[in-house]
Amino acid sequence: MRTVATVADMRRVRRSLSGTLGFIPTMGALHAGHLSLVERARTECATVVASIFVNPLQFGPNEDFERYPRTPDRDAQALARAGVDVLFAPQRAEMYPPGAQFSVVPGSLATYLEGDRRPGFFTGVATVVLKLFNIVTPDVAYFGQKDAQQLAVVTRMVRDLDVPVRVAACPTVREPDGLALSSRNAYLDDAQRAAAPHLHAALVQIAHALEGGQRDVCAAVAQAEAALPPLKMDYLAVVDPAVFEPLRTAPGKAALLAVGAAFAGSTRLIDNVEVQTP
Ligand code: PAF
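Residues numbered from 1 in each chain as written. Predicted model: local features only at pLDDT ≥ 70, side-chain atom pairs only at ≥ 80, totals over all residues. Heavy atoms only, no water.

Enquirer: How do you make sense of the sheet that holds strand E8 (residues 255-264) when you look at a structure like this?
Expert: Pairing between sheet strands relies on hydrogen bonds along the backbone, with the strands arranged either parallel or antiparallel. Here we have 3 strands laid out as an open sheet, ordered E7-E8-E9, and antiparallel in their pairing. Strands at the two margins of the open sheet, each flanked by one partner only, are strand E7 (232-239) and strand E9 (267-276). The sheet shows a mean angle of 15° between the axes of neighbouring strands, direction not considered. Here helix H9 (residues 198-211) sits on the sheet and contacts E7, E8 and E9; the angle it forms with E9, its principal contact strand, is near 20°. (Pairing = 2+ DSSP bridges. Helix = DSSP H or I, 4+ residues; strand = E, 2+ residues; numbered from the N terminus. Axes fitted to C-alpha atoms, helices over the stretch in contact; angles between N-to-C directions. Contact = heavy atoms within 4.5 Å.)

Enquirer: Hey, could you run me through the packing of helix H1 (residues 7-15) against helix H6 (residues 121-136) in this one?
Expert: A packed helix pair is summarised by two numbers, namely the angle formed by the two axes and the spacing between the axes. Where H1 contacts H6, the two axes come as close as 8 Å, and the packing angle between them is 50°. Between H1 and H6, the interaxial angle falls into the category oblique. Contact with H1, carried on its side by Val7, Met10, Arg11 and Arg14, involves Asn134, Ile135 and Val136 of H6 and no other residues of that element. Classifying every residue of the contact of H1 with H6 by side-chain character gives 4 nonpolar, 1 polar and 2 charged. (Parallel < 35°, antiparallel > 145°, perpendicular 65-115°, else oblique. Nonpolar A, V, L, I, M, F, W, Y, C, P; charged D, E, K, R; others polar.)

Enquirer: Even after reading the chapter, I still don't get the nonpolar core, so can you show me in this structure?
Expert: Considering soluble globular proteins, one finds that nonpolar side chains tend to be buried as a cluster. Counting 47 residues, the largest nonpolar core has Met10, Phe88, Met95, Val129, Phe133, Phe244 and Val259 as its most contacted members. Of the residues forming this core, the biggest block, 11 residues, is contributed by H6. Once residues within four sequence positions are removed from consideration, Phe244 is found in contact with Leu109, Tyr112, Leu113, Ala148, Gln149, Ala152, Val239, Leu257 and Val259. In terms of nonpolar packing, the next biggest core, distinct from the first, is built from 29 residues, Ala220, Val238, Ala250 and Ala262 among them. (Core = buried A, V, L, I, M, F, W, Y, C linked by side-chain atoms within 4.5 Å. Buried < 20%, exposed > 50% of the residue type's maximum accessible area, 1.4 Å probe, protein only.)

Enquirer: What's the story with the environment of Asn272 in this structure? I'm lost.
Expert: Within the secondary structure layout, Asn272 lies in strand E9. On the basis of relative accessibility, which here comes to 8%, the residue Asn272 falls in the buried class. On a C-alpha basis, the gap between Asn272 and Ala207 in space is 9.8 Å, while along the polypeptide they are 65 residues apart. Setting aside residues no more than four positions away along its own chain, Asn272 makes contact with Gln145, Lys146, Ala148, Arg174, Leu203, Leu257, Ala258 and Val259. Within the structure, the side chain of Asn272 is placed 2.9 Å from the backbone oxygen of Gln145, a separation counted as a polar contact. Looking at Asn272, its side chain comes within polar contact range of the main-chain oxygen of Lys146, at 3.0 Å. (Polar contact = N/O pair within 3.5 Å; in protein donor to acceptor, adjacent residues only side chain to side chain.)

Enquirer: Before we go on, may I ask you to explain the sheet that holds strand E5 (residues 140-144) in this structure?
Expert: Strands sit in the order E1-E4-E3-E2-E5-E6 across an open sheet of 6 strands; the sheet is parallel. The sheet is open, and its two edges are formed by strand E1 (2-4) and strand E6 (166-170), each paired on a single side. This sheet shows a mean twist of 25° between the axes of neighbouring strands, independent of strand direction. Relative to E5, strand E2 (residues 21-26) runs parallel, the two being bridged by 2 bridges. Residue pairing for E5: Gly22 is matched across the bridge by Val140. Here H6 sits on the sheet in contact with E2, strand E3 (47-52), strand E4 (86-88) and E5, set at roughly 145° to E2.

Enquirer: I'm lost on the packing of aromatic side chains in this one. Help?
Expert: The description of an aromatic ring pair rests on the distance of the ring centres and on the angle between the ring planes. Summed over all chains, the structure comprises 6 aromatic pairs. With 5.3 Å between their ring centres and 65° between their planes, Phe59 and Phe65 make a pair best called edge-to-face. Here the two residues Phe59 and Phe65 agree in accessibility, since each one is buried. Ring centres 6.4 Å apart and planes at 75° place the aromatic pair Phe133 and Phe143 in the edge-to-face group. Placement of the pair is Phe133 in helix H6 and Phe143 in strand E5, with a sequence separation of 10 residues. Like Phe133, the residue Phe143 is buried in the burial classification. By way of ring pairs, the aromatic residues Phe23, Phe133 and Phe143 are connected into one cluster. One cation-aromatic arrangement involves Arg70 over Phe65; the distance from NZ or CZ to the ring centre is 4.9 Å. Above the ring of Phe121, the side-chain terminus of Arg118 is found at 4.1 Å from the ring centroid. (Phe/Tyr/Trp six-rings, centres within 6.5 Å; stacked < 30°, edge-to-face > 60°. Lys NZ or Arg CZ within 6 Å of the ring centre and 35° of its normal.)

Here it is in structure tokens:
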């Protein structure tokens, strides 16, 4: 695996590559979920590029940018073992030289739920992802479905801005007890880790209710809230996965998502479960 740190070197390496290029953007602290994206890219593409960049633009002033887990050596070894050909690992000044005047501001899709709780988050994500796409110029980019609203924002950005990249959605990887893998799970102490799967359980409960014919989303959410403690609820909602505006009533024969966020101590967990209404 070749590791490059500058935009110029990444572009130079890119010019030497032929065939389909698969790209996995990450913020490092890699787990089996990230490696499943690499595995999928390996089966579909001639060359696989991954990036590691903890993007300051997508962290709010009171969020965990400084504390975000950074494990660069372990990550590089894992990516090399998984068959990544090129790792792009720029420093902050390389991605954001002083004086930048432009960013990518998504529309209403990014104002609900995560966008409401984390102002500026999706502008940060869309801006860095578009920059990475412009630098790496992949054919296919792989994103996990765990970050469902991020996936929707990136998919819509690519469509609306005619970015020549196919966005591939990859299934969430879970622990045996249902907890979705996340780099932030490293923050959990034993009691919080034991409580963390309650978010998935609450979402599964909402999915069962709606798949069983219940149409009143508020009632389904209220019942599922009881499954959350000892976690502290941030939100539970049901959305059309392309729109993300919380629904009050579930339409029939629709592919929806039950989405949620909850706190285990100060660690914020997010997750989602697919819902197919009858
Ligand atoms: O999902 C992530 O790890 C990040 O939001 C991404 C897509 C790498 C952009 O910084």
